[in-house]
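The residues making up each chain are set out below.
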Amino acid sequence: MSGALTRFRFMAYVVGVGLLLLVVAMIAKYAGGTEGMMQVVGPVHGFLYAVYLVLTVDLALKARWSIKGTVLVLLAGTIPFVSFYAERKVVESVRAEKSL
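Residues numbered from 1 in each chain as written. Predicted model: local features only at pLDDT ≥ 70, side-chain atom pairs only at ≥ 80, totals over all residues. Heavy atoms only, no water.

- Under an unreviewed UniProt entry, the protein has the name Integral membrane protein and belongs to Saccharothrix saharensis.

Pasting the structure below:
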C-alpha cells in the first residue's frame, strides 16, 4: 500500500499546484483578456485531475475507505488548497491504518 500512498501524495501535490495555476490562468483570462495561459493550463490540469481520480480510487480500494470518504478526497482536487489538506489527512489515516 505504500506505493499507492506515494503515488497519491505526488498527484495530490501536482493537482493542488495545477489548480492554483488554473485559478491564475482564469484571472488572467477574465481580468486581463489573455487566453493563452488558460488554453495550456486548462487541459493539462484536466488530464492530471483524471490521473488523480484513478490513483485516489486505487488507494481507497487498498485502504478500504468508505464511499463517503473516497468521494470527499476525490472532490478535494476541485477546490484550491483543499487537496493539500486532504493529502495530510489521508497520510495520517493510512499510516494509522484507519479508514476514511
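1. Observations regarding the side chain of Glu87
Phase 1: Relative to the helices and strands, Glu87 is located in helix H4 (residues 82-95).
Phase 2: Judged by its relative accessible area of 0%, Glu87 falls in the buried class.
Phase 3: If near-sequence neighbours (up to four positions away) are discounted, Glu87 is found in contact with Phe8, Arg9, Ala12 and Tyr13. (Helix = DSSP H or I, 4+ residues; strand = E, 2+ residues; numbered from the N terminus. Buried < 20%, exposed > 50% of the residue type's maximum accessible area, 1.4 Å probe, protein only. Contact = heavy atoms within 4.5 Å.)

2. Considerations on the UniProt feature "transmembrane region" (unreviewed entry) in the protein
Phase 1: The residues that UniProt annotates with the feature "transmembrane region" (unreviewed entry) are residues 12-31, 37-55 and 67-86.
Phase 2: Counting secondary structure, residues 37-55 comes out at 100% helix and 0% strand; the distance between its end C-alpha atoms is 27 Å.
Phase 3: Along residues 67-86, the helical share is 70% and the strand share 0%, with 15 Å between the first and last C-alpha atoms. (UniProt positions renumbered as here; feature names shortened; annotations may be inferred.)

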